[in-house]
Structures are given as structure tokens and as C-alpha cells.
Amino acid sequence: MLTSMSTIREVARTVTAHRQHEGAGFIVRRPVPTAGLELVDPFLLIDELGPIEYGPGEAIGAPDHPHRGFETVSYILEGQVFHEDSAGHRGTIGPGDVQLMTAGAGIVHSEMPSPALRDRGGRVHGFQVWVNLPARLKMTRPRYQEVTAARLPVATSADELARVTIIAGEALGARAVIDTHTPIVYQDWTLAPGADVTVDVPADHDALVYVFGGAAQLGAQGRVVRDGQMAILGAGDAVRLRGPDSGEAARLLLLAGRPIREPIARHGPFVMNTRAELVTAVEDFRSGRMGEITRTAARS
Ligand code: FE2
């Protein structure tokens, strides 16, 4: 890594996340999509769930609903999500765990607080990112993968001021690969005051930073980006991340991916290339061709 030869990506644009109701009514912070910004190719949606503190019986989720045409990556910081889908997958992901679901040709799933979280209440905080699929893979077979926290590399800078959990991509000599059809970088950074790291990100990727705590300084110019803001980065092959000068550590996601550059037609949980394909998606869901979740009697 010849960092001295790198071109640092500067902030091209910032966007403030808006608050949005999702699922059964829980609130997310959503920087993408937002007015005037349909996607940051290949990222169709970025949702931050919470942080929210639920009392006993209060936690809500997203009951049975379909998807077609993309992949979802869920990353839980606090709380527990119970997943079931029409392809027969089920699993619970907890703090630090990642779940990757390829909706592909179509799936019906539910994303609910675990029974323990529903009964006892507790804190919930996490992210869901939608990664688009190219036309040739939109109707691929659905699949489901879980990566537990223990399998995600964590690395710390030599001065111990920067810490990263690597969900996808490479940083500070550590590397993780989740098997998305579209290559992505997905990293969770904690930057203490004075932290200053430069991370290689492939030049053919689009890159963004979403700050979800404190304030970070981005690019060679040190543009300040605050909690709830997303920065879209310009061209280059490296990203420079700095913590604040003083105060609380900055928290941020670094996301990058190779853009697909195809037409987008989207309607709620379906993302295709054309209007006609959306109409087919709605018809296929309504007529049951995306299946349904088979539940055992024990779970009612
Ligand atoms: Fe979903």
C-alpha cells in the first residue's frame, strides 16, 4: 500500500438523514433515498434503526413483507432481530452480527424483535443497507447468510485512536468478505479525538460516509461531517478519516461499492430496471408466487 501515491477522496456532497416510519411504525434515520437522491449506486437504501429504548411489550418490527431485485445487509449493534422467510430460512441476529439476504427473484420475510426483547424490552440500534443487483441477477435464487460478530475482524490503528469492525472490504491490514453479488466495502469506524487514518478504497467504487455519532473530519481538506449526515465522496483510491479535535469519539459507516449504472424502477420493496418489471413483481407477490412463511405451531 503506497499511501503516499494515493488520491484522497474529498467530500463532494453532504446529505442530512431524514426520519421515516418503517415496518409496524418504528422510526429510522434515512440518508438514502432522500429528496433529489434516489441512490448512491449500488446502495439503494441506508436505514439507521434507533437507537431506541423499548419497555416490556413495546418493541416492534417489520412483519411479513416481500422484496425482489436486490440484497439486504443488516448489521445489529444493540438488540436482537428474529428473521423468517418464505425460502425456509430463520435466524436470530444479535449485537455485532450481520445478516445478508439476497431477495433476488422474490422472497417474503419478517424482521421482528426477538421474543426476549419483546417480553423484557431493551435497546435497539442497527443498520439495514440495500445493495442493488444488476439486471442479469435480479431474478437470481434467494439466499440467506449470517455472519456472527466473532467472525468479523476488528482492527485498531497503531496509536489506538481508530478502531474498525470490518463487515466487508479491507482496512488496517484486516479483511472480511461477505458474499454479496455486487462487490462492496462496509466498515464501522470509531474515531477518538486525534484519530487520523487513510483507508484504500478501490478507485472503481462509489464511496460514502454516514456519521451516526459525534463529528468526523473527512478528506485531505478535513471537511466536518456530523451525526446524522452522509457525505458522498468524490473520485480517488483512498479515504482519509479523522476524529474530532476534542470531545466524544466519532462513529461512522464507510460504504463503497462498484456502481451498476443501470436504469432504476422502484416501488416500495421492489427494485427493478423497468416499470413493466415492477408491475410483474406486484402481480407475482399478490398471486403468492413469492411464497409465504411457513411457521411451526410452536411459534404461532
Ligand atoms: Fe425487509
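See the structure above.
Residue numbers restart at each chain and count upward from 1, following the sequence in its written direction. Selection of residues for local features in this predicted model requires a pLDDT of at least 70, selection of side-chain atom pairs for listing and counting requires 80 or more, and totals for whole chains, interfaces and linings are taken over all residues. As a convention, hydrogens and water are excluded, and side-chain values are obtained from all of the structure's heavy atoms.

Quick look at the overall build of the protein chain now. Of the regular secondary structure elements, the protein chain holds two helices and 25 strands. Every radius of gyration here is taken over C-alpha atoms, with the globule rule written as 2.2 Å times N^0.38, N being the number of residues. The C-alpha atoms of the protein chain give 19 Å as radius of gyration, which agrees with the globular expectation for 300 residues (19 Å, within 12%). Buried means the residue's accessible area, taken with a 1.4 Å probe over protein chains only, is under 20% of the maximum for its type, while exposed means over 50%, and partly exposed covers the values in between. Burial analysis of the protein chain (300 residues in total) assigns 54% to the buried set. Here a residue-residue contact requires only that any non-hydrogen atoms of the pair lie within 4.5 Å. Within the protein chain, contacts between residues at least 6 apart in sequence are counted, and of these 71% link residues at least 24 apart. Shrake-Rupley sampling with a 1.4 Å probe provides the accessible areas, and residues are treated as covered by the protein chains on show and by no other component. Carbon and sulfur atoms make up 50% of the accessible area of the protein chain, which amounts to about 13100 Å² in all. For the protein chain, the distance from the average site of its 30 positive side-chain charges to the average site of its 35 negative ones is 3 Å. Each helix corresponds to a stretch of at least 4 residues labelled H or I by DSSP, and each strand to a stretch of at least 2 residues labelled E; elements are numbered beginning at the N terminus. All tallies of charge rest on Lys and Arg as positive and Asp and Glu as negative; His and the ends of each chain are not included. In this description, the location of a charge corresponds to atom NZ of lysine, CZ of arginine, CG of aspartate or CD of glutamate.

By definition, a salt bridge exists where a carboxyl oxygen of Asp or Glu is found within 4 Å of a side-chain nitrogen of Lys or Arg. Going through the model one piece at a time under the given rule, you end up with 16 salt bridges. Across the pair E78 and R123 runs a salt bridge whose closest N-O atoms are separated by 2.8 Å. Of this pair, E78 sits in strand β6 (residues 70-78) while R123 sits in strand β11 (residues 122-132), placing them 45 residues apart in sequence. The partly exposed category is assigned to E78, whose relative accessible area is 26%. In this structure, R295 and E84 form a salt bridge, with 3.0 Å as the shortest nitrogen-oxygen distance. With R295 in the segment after α2 (275-286) and E84 in strand β7 (residues 81-85), the pair connects residues that are 211 residues apart, well separated along the chain.

Take the coordination of the iron ion next. For the iron ion, every protein donor is listed as H65 (NE2), H67 (NE2), H109 (NE2) and E111 (OE), and the spread of their distances is 2.1 to 2.4 Å. Sites may look incomplete, because water is not among the atoms used; the donor set itself consists of N, O and S atoms within 2.8 Å of the metal (3.2 Å for Na, K and Ca). By the criteria applied here, four donors are tetrahedral when all angles lie between 85 and 135 degrees, four are square planar and six octahedral when opposite donors are over 155 degrees apart and every other angle lies between 65 and 115, and any other arrangement is irregular. Each of the four donor atoms around the iron ion contributes to a set of angles spanning 84 to 178°, which defines the coordination as irregular. On the basis of relative accessibility, which here comes to 0%, the residue H109 falls in the buried class.

What follows is about the side chain of T180. Structurally, T180 is set in the loop between β15 (174-176) and β16 (184-191). Given a relative accessible area of 10%, T180 falls into the buried group. Polar contacts, as used here, are pairs of N or O atoms within 3.5 Å; protein pairs need one atom able to donate a hydrogen and one able to accept it. Residues neighboring in sequence count only if both atoms are side-chain atoms. A polar atom in the side chain of T180 sits 2.7 Å from the backbone oxygen of T182. Not counting residues within four places of it along the chain, the set of residues in contact with T180 comprises E71, V73, L100 and R143.

Strands pair, by our definition, only if DSSP identifies at least two bridges between them. Spatially, seven strands are ordered β2-β3-β4-β11-β6-β9-β12 in an open sheet, and the strand pairing comes out antiparallel. The open sheet has two edge strands, β2 (18-22) and β12 (143-147), and neither has a second partner. Along the sheet, successive strands turn relative to each other by an average axial angle of 20°, direction set aside. In this analysis an axis means a line fitted to C-alpha atoms, helices contributing only their contacting stretch, and an angle means the value between N-to-C directions, from 0 to 180 degrees.

Owing to its 3.6 residues per turn, the α-helix aligns residues three or four sequence positions apart on the same side. Expected span of a helix: the number of residues minus one, times 1.5 Å. Look at α2: 17 Å from first C-alpha to last across twelve residues, which is about the 16 Å you get at 1.5 Å a residue. When α2 is considered as a whole, its buried residues turn out to be L278, A281, V282 and D284. Taken end-on, α2 shows its buried residues confined to a sector of 165°, consistent with a single buried face. Every exposed residue of α2 that faces more than 90 degrees away from the buried side is listed here: A276 and R286. Considering only its buried residues, α2 is in contact with β24 (265-267) and β25 (270-272). The arc in question is traced by the directions running from the helix axis to the C-beta atoms.

These figures come from the coordinates and say nothing about function on their own.
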